Amino acid sequence: VFQTELNMVFSLQVLNEKKLQEVDSLWKEFETPERANKIVKLKHFEKFQDTTEALAASTALVEGKLSKNLKKILKKIVAKDAHEQLAVADAKLGGVIKEKLNLSCIHSPMVTELMRGIRSQIEGLITGLPSREMTAMCLGLAHSLSRYKLKFSPDKVDTMIIQAISLLDDLDKELNNYIMRCREWYGWHFPELGKIITDNLAYCKCVRKVGDRSNFASSDVSDILPEEIEEDVKAAAEISMGTEVSEEDINNIIHLCDQVIEISEYRTQLYDYLKNRMMAIAPNLTVMVGELVGARLIAHAGSLLNLAKHPASTVQLLGAEKALFRALKTKRDTPKFGLIYHASLVGQSNAKNKGKISRMLAAKTALTIRYDALGENTSAEMGAENRLKVETRLRLLEERGIRRISGTGKALAKTDKYQNKSEVKVFDPSGDSTLPVVSKKRKIQEVDEQDTEVAVKAKKFKAEMK
């Protein structure tokens, strides 16, 4: 029995079994249709009603299952020759046939070569079908089977997360560019407004509602701004140093503000969609590191299943590959974190403990990823438990609590109280003088030399007086 992509099921009977024993030279028997007809002959032919029926049968074959049509034909035809063996190309399918219909099946290299030969000469073995029609049927069923695999692919949900987080990053970049351009453009007309209103969305809503700065005095923007900021804006509008602009310029700025507000609203909607999708696909990962970091990890790995295959050390450094290889090349310290740096637990810790917390968080995150990808339970209890453990560890590190290795394990190790010993230093003003330092105490030799010089001078003076 041979089921093909040609929307048909047909049965072939082997005529010369001795030729099949020569596996290496079996291909020669299928070089021409005439020689192929001497090896096998058509015993039964049945066509599918439509492509849907053919798709169901092909899908069952791919999954190693027995379709209804194939089961019916096997009962109808092969049961008459139950003493003969049934050649199958898939060993898994042969096991199913043997279990359900109690038929002897054979799967060997000889069967593989036989199937290859039948495929090569299928137009000669089945007469009455034009080659163009057979090609069209093959192509139609191949497209249907590809669509079916894509529709029921277990990884397709990962694709939605990858596309959503990529679009979210692109929207953030575009929003930053648009807002910067809007502030700079309207700043020529009303420069003081940018310093008073720091929120970008509120800034764009005010510009869109008011337009020219002269309209701020008569406009009510209390639904956008608090009362104190509204008063500051109106006061600044009266004494603004900005230049006057035309109505056409204001209209173009307002159109830009409309774009910023629309993109901001769509970004909020996309973020909610991403959060719900992450909680449905990977709830434990979302609890551990958040939906944004979790989605970026999945996108970086390619899928949730690929991410589950990574060890904890790789999860810790995902996103920092360039820094890692640069450090290995220059023989410097390797990085301690990649995308996981943006997790809230790593951000809460101080600079000294970030490496320890990221390492522990990566280890727990790797467990939650495997639980989400390969486990059947969809609850987030495991992620909550592991997050609590990391938070406890973080609290101990922040408090500098060192627990004993032996004993009860609950008592804190005793540490000596730290006492700061400071030495008070007095300023020495002698260091400011540039004159050579002369000691006040004269040596005995210097005093004797001075006395002898005085005595000699006195003798000379007396001799001159005489």
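Coordinates for the structure precede this section.
Residues numbered from 1 in each chain as written. Predicted model: local features only at pLDDT ≥ 70, side-chain atom pairs only at ≥ 80, totals over all residues. Heavy atoms only, no water.

*Asks:* Break down the pattern of salt bridges for me, with residues and values.
*Replies:* With the rule as written, the count across this model stands at nine salt bridges. As a salt-bridge pair, Arg181 and Glu184 come within 3.6 Å of each other at their nearest N and O atoms. With a gap of three residues between them, Arg181 and Glu184 both fall in helix α9 (residues 156-187), about one helical turn apart. What makes Arg181 partly exposed here is its relative accessible area of 43%. Its salt-bridge partner being Lys209, residue Asp223 comes within 3.2 Å of it at the nearest N-O pair. Taken together, the positions of Asp223 in the loop between α11 (200-210) and α12 (227-238) and Lys209 in helix α11 put the pair 14 residues apart, joining distant regions of the chain. Take Lys209: its relative accessible area is 43%, and that puts it in the partly exposed class. (Salt bridge = Lys/Arg side-chain N within 4 Å of Asp/Glu carboxyl O. Helix = DSSP H or I, 4+ residues; strand = E, 2+ residues; numbered from the N terminus. Buried < 20%, exposed > 50% of the residue type's maximum accessible area, 1.4 Å probe, protein only.)

*Asks:* Lay out a negative patch on the surface with the relevant residues and their values.
*Replies:* A cluster of acidic residues, Glu227, Glu228, Glu231 and Asp232, forms a negative patch at the surface. Here Asp232 lies in helix α12. The class for Asp232 is partly exposed, based on a relative accessible area of 44%. (Patch = residues over 30% accessible without salt bridge, like charges linked within 9 Å, V, L, I, M, F, W, Y side chains within 5 Å. Areas by Shrake-Rupley, 256 points an atom, 1.4 Å probe, with all protein chains shown as cover. Lys, Arg positive; Asp, Glu negative; His and termini not counted. Charge placed at Lys NZ, Arg CZ, Asp CG, Glu CD.)

*Asks:* With reference to specific residues and values, describe the packing of helix α13 (residues 247-281) against helix α15 (residues 291-301).
*Replies:* Following both chains from N to C, one finds α13 and α15 inclined at 75°, their axes separated by 10 Å at the closest point. Classified by the angle between their axes, α13 and α15 sit roughly perpendicular to one another. Within the contact between the two elements, α13 uses Tyr271, Leu274, Lys275 and Met278 and α15 uses Glu291, Leu292, Gly294, Ala295 and Ile298. Tallied by class, residues from the contact of α13 with α15 come to six nonpolar, one polar and two charged. (Axes fitted to C-alpha atoms, helices over the stretch in contact; angles between N-to-C directions. Parallel < 35°, antiparallel > 145°, perpendicular 65-115°, else oblique. Contact = heavy atoms within 4.5 Å. Nonpolar A, V, L, I, M, F, W, Y, C, P; charged D, E, K, R; others polar.)

*Asks:* Give me the side chain of Gln316: which residues, what numbers.
*Replies:* Topologically, Gln316 is positioned in helix α17 (residues 312-317). For Gln316, the residues in contact, after removing those within four places along its chain, are Lys336, Phe337, Gly338, Ile340, Gly355, Ser358, Arg359 and Ala362.

*Asks:* I'd like a rundown of the packing of aromatic side chains, residues and numbers included.
*Replies:* Counted according to the given criterion, the structure contains three aromatic pairs. Judged by centre distance (5.5 Å) and plane angle (70°), the rings of Phe190 and Phe216 are edge-to-face. Placement of Phe190 in the loop between α9 and α10 (192-196) and of Phe216 in the loop between α11 and α12 is noted, with a sequence separation of 26 residues between them. Phe216 matches Phe190 in its accessibility class, with the two residues each being buried. For the ring pair Phe337 and Tyr341, a centre distance of 4.8 Å and an interplane angle of 40° mean the geometry is tilted. For Phe337, a relative accessible area of 24% puts it in the partly exposed group. Judged by relative accessible area, which is 36%, Tyr341 ranks as partly exposed. Looking at Arg183, its charged tip hangs above the ring of Tyr203, at a distance of 4.4 Å from the centre. (Phe/Tyr/Trp six-rings, centres within 6.5 Å; stacked < 30°, edge-to-face > 60°. Lys NZ or Arg CZ within 6 Å of the ring centre and 35° of its normal.)

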